[in-house]
Amino acid sequence: MIYDFKFNDRKGNELSMEQFKGKVLLIVNTATGCGFTPQYEELQSIYSELHEKGLEILDFPCDQFGHQAPGTNEEIHTFCKGRFGIEFPQYGKIDVNGDNALPLFKYLTDNTKFEGFEDANPFTKILMSVISKGKKGHENDVKWNFTKFLIDREGNIVKRFEPTASLEKVKSSICEIL
């Protein structure tokens, strides 16, 4: 169950997913130097609008894709707060794939399916090219930064959104379960 997992805040303190029982969660692996980094602005807008209705966004910086999250946890947080005004919590930098993957993300990828990128997104061709040249992993691994997992109030995985998914679709799905 999702509430069994632990992770670190950006200062290295261990936290439990249990603190989010009864909340709708959007769990995201992020990066500060990625083509998708401007999604922070839309994520903050969604958070501002829906937080009081029970939404929590869990932001996990990840440097596994093209070294796009350089810096310390505090440097990343300062950048995101200053550039995008994020108010949702940002946690410690993690791996989402491989031997050192945060167990929470291993659970998320083991229980969801990569269904491809949206054709209409201009980054899709670039991502497909980069991924096809990369090392092969588990077919449902996180493919890039800003992959999102929507969790309902009971801790069930509702949907996985690839980074190319429109944030309007993400918000609509969140609203359906709030």
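## Observations concerning the overall build of the protein chain
Turning to step 1, where the next piece is worked out: A count of helices and strands for the protein chain gives five helices and six strands.
Turning to step 2, where the next piece is worked out: Helices and strands in the protein chain line up, N terminus first, as β-β-β-α-β-α-α-α-β-β-α.
Turning to step 3, where the next piece is worked out: Principal-axis analysis of the C-alpha atoms gives the protein chain an extent of 40 × 35 × 30 Å.
Turning to step 4, where the next piece is worked out: For the protein chain, the residues scored as buried account for 49% of the 178 residues in total.
Turning to step 5, where the next piece is worked out: Across the protein chain, every contact between residues at least 6 apart in sequence was considered, and the portion connecting residues at least 24 apart equals 72%.
Turning to step 6, where the next piece is worked out: Summing over all exposed atoms, the protein chain offers an accessible surface of approximately 8900 Å²; the carbon and sulfur share of this is 48%.

## Digging into the pattern of salt bridges
Turning to step 1, where the next piece is worked out: If you walk through the whole model with that rule in mind, you get six salt bridges.
Turning to step 2, where the next piece is worked out: When the shortest N-O distance is used, the salt bridge between Asp110 and Lys106 registers 3.1 Å. Taken together, the positions of Asp110 and Lys106, both in helix 3 (residues 103-110) and four residues apart, correspond to about one turn of that helix.
Turning to step 3, where the next piece is worked out: Overall, Asp110 belongs to the partly exposed group, its relative accessible area being 42%.
Turning to step 4, where the next piece is worked out: Using a relative accessible area of 46% as the deciding quantity, one classes Lys106 as partly exposed.

## What about the environment of Gln64?
Turning to step 1, where the next piece is worked out: Positionally, Gln64 belongs in the loop between strand 4 (55-61) and helix 2 (73-84).
Turning to step 2, where the next piece is worked out: In this view, Gln64 contacts Asp95, Val96 and Asn97; residues no more than four positions away in its chain are not counted.
Turning to step 3, where the next piece is worked out: In terms of polar contacts, Gln64 uses its side chain to reach the backbone amide nitrogen of Val96, at 2.6 Å.
Turning to step 4, where the next piece is worked out: A polar contact of 3.0 Å, which involves the side chain of Gln64, links it to the backbone nitrogen of Asn97.

## A word on the packing of aromatic side chains
Turning to step 1, where the next piece is worked out: Under the definition given, this model contains 14 aromatic pairs.
Turning to step 2, where the next piece is worked out: Seen from their ring centres, Tyr40 and Phe88 are 6.3 Å apart, and the 15° between their planes marks the pair as stacked. Of this pair, Tyr40 sits in helix 1 (residues 39-50) while Phe88 sits in the loop between helix 2 and helix 3, and the two are 48 residues apart along the sequence.
Turning to step 3, where the next piece is worked out: Its relative accessible area of 0% is what places Tyr40 among the buried residues.
Turning to step 4, where the next piece is worked out: For the ring pair Phe105 and Phe149, a centre distance of 5.9 Å and an interplane angle of 80° mean the geometry is edge-to-face. Here Phe105, found in helix 3, pairs with Phe149, found in strand 5 (residues 148-151); they are 44 residues apart in sequence, far enough to count as distant. Of the two residues, Phe105 and Phe149, both sit in the buried class.
Turning to step 5, where the next piece is worked out: Put simply, the rings of Tyr40, Tyr47, Phe79, Phe84, Phe88 and Phe146 pair up and form one aromatic cluster.
Turning to step 6, where the next piece is worked out: Of note, Lys143 hangs over the ring of Phe114, and the distance from its end group to the ring centre comes to 5.0 Å.
Turning to step 7, where the next piece is worked out: Across from the ring centre of Phe161, 5.5 Å away, lies the NZ or CZ of Lys159, which sits over that ring.

Conventions and cut-offs
- Residues numbered from 1 in each chain as written.
- Predicted model: local features only at pLDDT ≥ 70, side-chain atom pairs only at ≥ 80, totals over all residues.
- Heavy atoms only, no water.
- Helix = DSSP H or I, 4+ residues; strand = E, 2+ residues; numbered from the N terminus.
- Buried < 20%, exposed > 50% of the residue type's maximum accessible area, 1.4 Å probe, protein only.
- Contact = heavy atoms within 4.5 Å.
- Areas by Shrake-Rupley, 256 points an atom, 1.4 Å probe, with all protein chains shown as cover.
- Salt bridge = Lys/Arg side-chain N within 4 Å of Asp/Glu carboxyl O.
- Polar contact = N/O pair within 3.5 Å; in protein donor to acceptor, adjacent residues only side chain to side chain.
- Phe/Tyr/Trp six-rings, centres within 6.5 Å; stacked < 30°, edge-to-face > 60°.
- Lys NZ or Arg CZ within 6 Å of the ring centre and 35° of its normal.

This is a description of form; function is not addressed.
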